[in-house]
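Residues per chain, in single letters:
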Amino acid sequence: MTAYPEHRSHTRLFVLSGPSGAGKSTLIHKALALEPNCVASISATTRAPRGQEQNGVDYDFCSEEEFQALINDDLLLEYAQVFGKHFYGTPKKFIEEQFADGKNVIMDIDVQGAMQIRKRMPDDAVLIFVTPPTQEILEQRLRDRGTDDAVAIGKRLETAAQEIAQWKDYDYLIINDDVDVAVAQLRNILGSARLRIDW
Ligand code: 5GP
């Protein structure tokens, strides 16, 4: 038999960023249910758990001292202080374990973190920006969520404008109008990454 070319199995980091209210977590959740070879990264953070969030599932919740130790021991692939408040970072070990297991990793991290990943793992990272279609739709979604008052919503919209300004630094753009369409688009990106020639 004469062998024809075949794809090399190459695990990757699919990095999603975008303003809160863009629907990133729903998107990731729905895509993961359909993609058996993908898992979600679990970040370390200094913020306190919210609602039903569980330690080790949604985040590794830790103290400022514990987070500083992760930085000092070079255990984080990237980290950032998000909204000038709490620290968030991606533990290297989890990513290494998933890659060793042949799994792709999907992560929801801010723009500063995404740029660090691009620099550190240029061949392994696919950067995807997720945005709501318009500011008015984002505003409506934040209102419907009912967790913020008018002042907080105004602040979120301001932050969103700053974040959205960075979309051109990403490889792909998903405009999340209809979540099922957005899930299909994310899966298209995962699928084309599998077909890339990168020996
Ligand atoms: P939240 O506190 O609402 O869960 O997340 C706030 C922000 O932190 C989101 O924009 C999310 O993308 C970002 N974030 C979550 N985990 C990480 C991480 O490991 N690294 C970085 N750089 N940002 C993160």
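Everything here concerns the structure above.
Summarised in this report is the structure supplied together with it. On a predicted model such as this, the values are computed, not experimentally measured, just so you know. (Residues numbered from 1 in each chain as written. Predicted model: local features only at pLDDT ≥ 70, side-chain atom pairs only at ≥ 80, totals over all residues. Heavy atoms only, no water.)

Our focus in this paragraph is the packing of helix H5 (residues 135–145) against helix H6 (residues 150–164). Put simply, H5 and H6 touch, their axes get as near as 10 Å, and they point 140° apart. On the basis of the axis angle, H5 is oblique to H6. For the crossing formed where H5 meets H6, the hand is right-handed. Contacts between H5 and H6 involve Gln 135, Leu 138, Glu 139, Leu 142, Arg 143 and Arg 145 on the former and, on the latter, Ile 153, Arg 156, Leu 157 and Ala 160. Across the contact of H5 with H6, the residue classes break down as five nonpolar, one polar and four charged. (Axes fitted to C-alpha atoms, helices over the stretch in contact; angles between N-to-C directions. Helix = DSSP H or I, 4+ residues; strand = E, 2+ residues; numbered from the N terminus. Parallel < 35°, antiparallel > 145°, perpendicular 65-115°, else oblique. Left-handed = near helix turned anticlockwise from the far one by under 90°. Contact = heavy atoms within 4.5 Å. Nonpolar A, V, L, I, M, F, W, Y, C, P; charged D, E, K, R; others polar.)

Residues in close proximity to the ligand total 15 residues, the closest being Ser 43, Arg 47, Tyr 59, Tyr 88 and Asp 108. Tyr 88 places a side-chain nitrogen or oxygen 2.5 Å from an oxygen atom of the ligand. Asp 110 places a side-chain nitrogen or oxygen 2.7 Å from a nitrogen atom of the ligand. When the ligand is considered free in solution it has 520 Å² of accessible area, and contact with the protein chains removes 89% of it. Of all the secondary structure elements, the ones that give two or more residues to the shell around the ligand are strand E5 (76–82) and strand E6 (86–91). In the shell around the ligand, the residues fall into five nonpolar, four polar and six charged. (Near = heavy atom within 4 Å. Polar contact = N/O pair within 3.5 Å; in protein donor to acceptor, adjacent residues only side chain to side chain. Areas by Shrake-Rupley, 256 points an atom, 1.4 Å probe, with all protein chains shown as cover.)

Attention shifts here to the packing of aromatic side chains. Aromatic ring pairs are described here by two measures, namely the spacing of the ring centres and the angle between the planes. Inspection of the entire model under this criterion finds five aromatic pairs. Here Phe 129 and Tyr 170 contribute two aromatic rings whose centre-to-centre distance is 5.2 Å and whose plane-to-plane angle is 70°, an arrangement assigned as edge-to-face. Taken as a pair, Phe 129 in strand E8 (residues 125–131) and Tyr 170 in the loop between H6 and strand E9 (172–175) lie far apart in primary sequence, 41 residues in all. As far as burial versus exposure is concerned, Phe 129 and Tyr 170 are alike and both buried. Ring-pair connections join several aromatic residues into one group, and the members of that group are Tyr 59, Phe 61 and Tyr 88. (Phe/Tyr/Trp six-rings, centres within 6.5 Å; stacked < 30°, edge-to-face > 60°. Buried < 20%, exposed > 50% of the residue type's maximum accessible area, 1.4 Å probe, protein only.)

Time to look at the packing of helix H1 (residues 24–34) against helix H7 (residues 179–195). Two numbers describe how H1 lies on H7: the axes approach to 9 Å, and their chain directions differ by 60°. When the axes of H1 and H7 are compared, the pair comes out oblique. Here H1 and H7 pass one another in a crossing that is right-handed. In this structure, H1 uses Thr 26, Leu 27, Lys 30, Ala 31 and Leu 34 to contact H7, whose residues at the interface are Val 179, Asp 180, Ala 182, Val 183, Leu 186 and Arg 187. Grouping the amino acids of the contact of H1 with H7 by side-chain chemistry returns seven nonpolar, one polar and three charged.

All right, on to the pairing of E8 then. Among the seven residues of E8, seven are classified as buried, and the element is accordingly described as predominantly covered. Relative to E8, strand E1 (residues 13–17) runs parallel, the two sharing five bridges. Bridged to Phe 14 within E8 is Val 126. As paired strands, E8 and E9 are joined by four bridges and run parallel to one another. Within E9, the residue paired with Val 130 across the bridge is Ile 174. (Pairing = 2+ DSSP bridges.)

In total, this model carries 11 salt bridges according to the counting rule given. Among the ionic pairs, Glu 35 bridges to Arg 187, the shortest N-O distance being 2.9 Å. Here Glu 35 is found in the loop between H1 and strand E2 (38–40), whereas its partner Arg 187 is found in helix H7, with 152 residues between them in sequence. Using a relative accessible area of 32% as the deciding quantity, one classes Arg 187 as partly exposed. Where Arg 118 meets Asp 171, a salt bridge forms, and the shortest distance between an N and an O atom there is 3.2 Å. (Salt bridge = Lys/Arg side-chain N within 4 Å of Asp/Glu carboxyl O.)

It is worth stressing that arrangement in space is one thing and function is another; only the former is reported here.
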